[in-house]
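Overview (structure and organization)
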Amino acid sequence: MSTLDTLNMAHGHDLELLNERISKQLENSNSLMSRIVMSLLRTKGKQLRPLLLIMCAKLFGPVDERVLASAAAVELIHNASLIHDDVVDNAMTRRSRPTVNAVWDNHIAVLVGDYFTSSAMQEAISTGDIRIVDALCKLGRQLSLGEIDQIYNAREHSLCEENYYRIIDYKTASLFIASAEMGCYATNAPDELRETLAHYALLFGRCFQIRDDIFDYFPSELVGKPTGNDLREGKVSLPLLHCLSLEDSTPGLDRVRELLAKDSLSDEEIAFIQVFARDNGGIEYAFDAMHRLRDEAVNGLSALENGEIRSQLTELFDFIIDRQF
């Protein structure tokens, strides 16, 4: 049993109530929308964001209606962003199942994503806490800006770690930060501890994305899902960014730079870049970065009382680093 399975069992009752709430929120009288919603709810993913929100809330109070509504809001807007991302990326599968745009079309997918976004807003508003509503609205803005930044940097071949971290802060970490903050708002946590957990969530989100990006530099048959997609779209992540900063005499570096300047890459060219990143320390560099993020995050948790939830937050961070293909 994985660490995540153990944590899901520990908070299983709350997650069950959450999923019941999400299903109820998404109920509607349109037969097509209902069919799509039911299909999406069958593949709900890891639900790390609402899990983090619930854990943060439990540090300061019970999991009540405000906490569950906040968790539902985060999970709904997360799923909305995935649906919209699949349209932007023209992705045909997600979680080994066809995407909404693949089965129906982009028009339907955008509308379904909008429906999830509106449902998220209703959940946030139901808390009666303007801070929670504001956090969700800021999250929506950051997700959009992160996607635009990523597209722009890919087209302009803007390759540096500063840009990389800015994009993942918007596209990935923002969801975890909002989760931590909304869990704290829902239980009226002290501001200084809310800030502590928000910083933990920032580091957690960065680590989560770096780990995902590492997968992209291994063959699809080893990972068990399509890889190299970011490279196809001109997106250069941390393992390769490190290798691009090596000495000009590094074998293969000139070839990689030439390939990254192209508008499209073949499977063989992507495989060449993947091998180059693995052979020149890119994976090790990314793992070192994750361990630094982990140490900073765990040290920051010392501001919390030493209890079960604090230990679980450390375990969750370690799970993110250690998860395999």
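Here goes a summary of the coordinates provided. (Residues numbered from 1 in each chain as written. Predicted model: local features only at pLDDT ≥ 70, side-chain atom pairs only at ≥ 80, totals over all residues. Heavy atoms only, no water.)

Scanning the chain for helices and strands turns up 17 helices and two strands. Rg of the C-alpha trace for the chain: 20 Å, near the compact-globule value of 20 Å for 325 residues, within the 12% margin. In the chain, of all internal contacts separated by at least 6 residues, the share reaching a separation of at least 24 is 74%. Only carbon and sulfur atoms are counted for the fraction: they give 50% of the accessible area of the chain, which is about 15200 Å². Both charge centroids of the chain, one from 32 positive and one from 50 negative side chains, sit 4 Å from each other. (Helix = DSSP H or I, 4+ residues; strand = E, 2+ residues; numbered from the N terminus. Rg over C-alpha atoms; globule rule 2.2 N^0.38 Å. Contact = heavy atoms within 4.5 Å. Areas by Shrake-Rupley, 256 points an atom, 1.4 Å probe, with all protein chains shown as cover. Lys, Arg positive; Asp, Glu negative; His and termini not counted. Charge placed at Lys NZ, Arg CZ, Asp CG, Glu CD.)

A few words on the nonpolar core. Judged by nonpolar contacts, the single largest core of 95 residues is most densely connected at Met 182, Tyr 200, Ile 210, Leu 240, Leu 313 and Phe 317. When residues no more than four places from it in sequence are discounted, the contact partners of Leu 240 are Tyr 217, Leu 231, Val 256, Leu 260, Ile 273, Phe 276 and Ala 277. (Core = buried A, V, L, I, M, F, W, Y, C linked by side-chain atoms within 4.5 Å. Buried < 20%, exposed > 50% of the residue type's maximum accessible area, 1.4 Å probe, protein only.)

Below, the discussion takes up the packing of helix H7 (residues 106–126) against helix H8 (residues 130–156). Relative orientation of the contacting elements H7 and H8 amounts to 155°, with a least axis distance of 8 Å. Classified by the angle between their axes, H7 and H8 sit roughly antiparallel to one another. Between H7 and H8 the crossing geometry is right-handed. For the pair H7 and H8, the contacting residues are Ala 120, Met 121, Ala 124 and Ile 125 in the first and Ile 132, Val 133, Leu 136 and Cys 137 in the second. A class-by-class count of the residues in the contact of H7 with H8 yields eight nonpolar, no polar and no charged. (Axes fitted to C-alpha atoms, helices over the stretch in contact; angles between N-to-C directions. Parallel < 35°, antiparallel > 145°, perpendicular 65-115°, else oblique. Left-handed = near helix turned anticlockwise from the far one by under 90°. Nonpolar A, V, L, I, M, F, W, Y, C, P; charged D, E, K, R; others polar.)

Coordinates in, geometry out; function isn't part of it.
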